[in-house]
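What follows is the residue order along each chain.
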Amino acid sequence: MRRPPAGMRSHRQLRHVSRLLRHRFQRAIDTEDMYPVDVDGFLVRPSQHATVIPKTMAKAFRDKEKEYKAPPDDRIYCRACSTFIAAKIDAAGRVKCNKCECQHCSKCGDKWFEMRGHVCRSRDEQDAFKGLEQGKDYQICPSQR
Ligand SMILES: [Zn+2]
Ligand SMILES: [Zn+2]
C-alpha cells in the first residue's frame, strides 16, 4: 500500500498532530523530566508550531525553559510564593518576583530587605569553594613533578 504524499495529510491526522504537540508542550511545562520536547527524535520549539500552540502556552514554555536551563543550585525561587525568578549571577543586585513582586538577591537568592540592606549569607561558603578549586588546579599537571 502506498502512503499519501506528506502534503496530503488528512484533516484528522493534522488534528491529531496538533493535539499531540499541545500535549507534549504542556507536559514539558508541568514536569522538567518532559523537557525538551521532541517528535521522532527531533527537537521542536513552540515557534515552529505557532499555528497550533497558543501564545500563552508558548510563553509559559519559554519561561519554564529559562528555569530548566539553569543548574538547580543556581535557580532563584521566590521565598514567598515559590515562583522561579531567574538564574543566579555573580553580582549581587535586586531581582523581583514577577508574581508577588517580592525582592531577592541575584547572587545568593536570599530575600532582599530594602530597609536593613543586604549581605549575601553564603559568601563565606563561596569563598571557601573558590579556594578549593584553586588548590585542585595546583595539583594537576603531573609533568611538572
Ligand atoms: Zn513571589
Ligand atoms: Zn545576596
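Residues numbered from 1 in each chain as written. Chains lettered and ligands numbered in written order. Predicted model: local features only at pLDDT ≥ 70, side-chain atom pairs only at ≥ 80, totals over all residues.

## What about the overall build of the protein?
Okay, step 1: When you go through the protein residue by residue, the secondary structure sums to 3 helices and 6 strands.
Okay, step 2: The buried share of the protein, taken over its 145 residues, is 11%.
Okay, step 3: Considering only contacts within the protein whose residues lie at least 6 apart along the sequence, 24% involve residues at least 24 apart. (Helix = DSSP H or I, 4+ residues; strand = E, 2+ residues; numbered from the N terminus. Buried ≥ 20, exposed ≤ 12 C-beta atoms within 10 Å, placed from the backbone. Contact = placed C-beta atoms within 7 Å.)

## Focus on the environment of V44
Okay, step 1: Assignment of secondary structure puts V44 in the loop between β2 (42-43) and α2 (55-69).
Okay, step 2: Judged by C-beta crowding, with 16 C-beta atoms within 10 Å, V44 ranks as partly exposed.
Okay, step 3: When the C-alpha positions of V44 and L21 are compared, they lie 9.0 Å apart, and in sequence the two are 23 residues distant.
Okay, step 4: Leave out the neighbours within four places in its chain, and V44 touches V37, D38, V39 and H49.

## Examining the pairing of strand β4 (residues 84-87)
Okay, step 1: Two elements, strand β3 (residues 75-77) and β4, share 3 bridges in a ladder whose sense is antiparallel. Paired with Y77 across the strands is F84, a residue of β4.
Okay, step 2: Joining the antiparallel neighbours β3 and β4 is a turn of 6 residues, in which S82 adopts a positive phi near 70°. (Pairing = 2+ DSSP bridges.)

## Describing the confidence of the model for the protein
Okay, step 1: Summarising the model, the protein shows a mean pLDDT of 84, and 77% of its residues fall at 70 or more.
Okay, step 2: This stretch, residues 132-142, has a pLDDT under 50; its non-local contacts, to residues over four places away or in other chains, come to 0 contacts. (pLDDT = per-residue confidence, 0-100.)

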